[in-house]
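Descriptive analysis of the structure
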Amino acid sequence: MKHTLLKVALCTAILLTSTGADASNKDFKKLAKIDGMEHVHIGKFLLKLAAKNGGSIDFGENMSFVGKSGNMLKKIDSIDVYTSEEKKTIEQLSQHVRSILDGNGWEPLINATDEDGEKVKIYLHQKGKHTTVIIFAEENDEASLVVIDGKLDMAQLMEQMSKEN
């Protein structure tokens with residue numbers, strides 16, 4: 001159920017947006033220093049290499065960016081994934097995300113809660129041709145934040161995801 005809600009929320013967010021944006025990832029970099037936080041950074045070089053070789057970047061079972069599907073990976077500058085399963089760290093992550101998103105040019109796209117209590121929030125920041133999309137999923141024993149930054153064509157991303165299903 002968790003991955004299905006995230007997938008539905010992401011697809012809906014993509015349908016509601018167009019191209020363009022630029023929000024700095026610097027506000028999120030502090031999160032990697034919190035005790036109990038796991039952080040994975042995927043940089044532009046690796047994303048371009050995956051795109052060139054037809055590879056993919058997968059997030060769980062239901063979401064991936066595939067190199068050969070319209071070269072979407074070439075348009076992403078970076079992907080950062082922050083996760084934690086420690087209650088104190090989850091609280092810090094949630095508080096930090098809320099402080100970044102409140103009144104700083106972030107547009108809420110999706111706020112969803114399922115029957116198990118999982119909350120998924122998707123926000124967008126646009127400036128010029130750059131887009132930053134964040135996906136924040138939170139439940140009692142786990143929280144994940146995905147920050148995708150680049151020159152994203154949201155319509156192309158939606159098309160790619162619908163081909164994969």
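Let me sum up the structure you'll find in this document.

So, about the overall build of the protein. For the protein, the helix and strand inventory stands at 5 helices and 8 strands. Each helix (α) and strand (β) of the protein, taken in turn from the N terminus, gives the series α-α-β-α-β-β-β-α-β-β-β-β-α. Every one of the 165 residues in the protein was classed for burial, and the buried ones make up 49%. In the protein, the share of contacts with a sequence separation of at least 24, taken over all contacts with a separation of at least 6, comes to 64%. In the form shown here, the protein has an accessible surface area of approximately 8,700 Å², with 48% of it arising from carbon and sulfur atoms.

Okay, a nonpolar patch on the surface next. On the surface, a nonpolar cluster with roughly 320 Å² of combined accessible area is contributed by Phe45, Leu46 and Leu49. For Leu49, the position within the fold is in helix α3 (residues 44–52).

What follows covers the packing of aromatic side chains. Inspection of the entire model under this criterion finds 1 aromatic pair. Judged by centre distance (6.0 Å) and plane angle (85°), the ring pair of Phe28 and Trp106 falls under edge-to-face. Separated by 78 residues along the polypeptide, Phe28 in helix α2 (residues 26–29) and Trp106 in the loop between α4 (87–101) and β5 (107–113) bring together distant segments of the chain.

Here the focus is the environment of Ile122. Structurally, Ile122 can be placed in strand β6 (residues 119–127). With relative accessibility at 0%, the residue Ile122 sits in the buried group. When the C-alpha atoms of Ile122 and Ile110 are compared, they prove to be 5.0 Å apart, with 12 residues separating the residues in sequence.

We now examine the sheet that holds strand β8 (residues 142–150). Strand pairing within a sheet occurs via backbone hydrogen bonds; the two strands may be parallel or antiparallel. Ordered by their spatial adjacency, 6 strands build an open sheet running β1-β4-β8-β7-β6-β5, and the pairing between neighbours is antiparallel. The sheet terminates laterally at β1 (38–42) and β5, the two strands that pair on one side only. On average, adjacent strands in this sheet sit at an angle of 10° to one another, irrespective of strand direction. Of the strand pairs in this sheet, strand β4 (residues 76–84) and β8 are connected by 8 bridges, and their pairing is antiparallel. Along β8, the bridge assignment pairs Thr83 with Ser144. Its contacts with the sheet place α3 against β1 and β4, and it is angled at close to 110° to β4. Sitting on the sheet, α4 is in contact with β4, β6, β7 (130–139) and β8, with an inclination near 145° to β7.

Another aspect to go through is a negative patch on the surface. On the surface, a cluster of negative charge is contributed by Asp35, Glu38, Glu85, Glu86 and Asp141. By the element assignment, Glu85 lies in the loop between β4 and α4.

Once that is clear, we can look at the pattern of salt bridges. Two side chains with opposite charge may pair up if their charged atoms get near one another. Taken as a whole and judged by the stated rule, the model has 2 salt bridges. With a closest N to O distance of 3.8 Å, Lys29 and Asp80 form a salt bridge. Separated by 51 residues along the polypeptide, Lys29 in helix α2 and Asp80 in strand β4 bring together distant segments of the chain. Residue Asp80 is classed as buried on the basis of its relative accessible area, which comes to 0%. Put simply, Lys44 and Asp77 hold a salt bridge, and the shortest N to O gap is 2.4 Å. Linking Lys44 in helix α3 with Asp77 in strand β4, this pair joins segments that are 33 residues apart in sequence.

Before going further, it helps to examine the nonpolar core. Ile76, Ile79, Ile122, Ile135 and Ile148 are the most contacted members of the largest nonpolar core, which totals 21 residues. Broken down by secondary-structure element, the contributors of at least two residues to this core are α3, β4, β5, β6, β7 and β8. Counting 17 residues, the second-largest nonpolar core is a separate cluster that includes Leu31, Ile100, Leu101 and Phe136.

Reading the values: rules and limits
Residues numbered from 1 in each chain as written. Predicted model: local features only at pLDDT ≥ 70, side-chain atom pairs only at ≥ 80, totals over all residues. Heavy atoms only, no water. Helix = DSSP H or I, 4+ residues; strand = E, 2+ residues; numbered from the N terminus. Buried < 20%, exposed > 50% of the residue type's maximum accessible area, 1.4 Å probe, protein only. Contact = heavy atoms within 4.5 Å. Areas by Shrake-Rupley, 256 points an atom, 1.4 Å probe, with all protein chains shown as cover. Patch = residues over 30% accessible without salt bridge, like charges linked within 9 Å, V, L, I, M, F, W, Y side chains within 5 Å. Salt bridge = Lys/Arg side-chain N within 4 Å of Asp/Glu carboxyl O. Phe/Tyr/Trp six-rings, centres within 6.5 Å; stacked < 30°, edge-to-face > 60°. Pairing = 2+ DSSP bridges. Axes fitted to C-alpha atoms, helices over the stretch in contact; angles between N-to-C directions. Lys, Arg positive; Asp, Glu negative; His and termini not counted. Charge placed at Lys NZ, Arg CZ, Asp CG, Glu CD. Core = buried A, V, L, I, M, F, W, Y, C linked by side-chain atoms within 4.5 Å.

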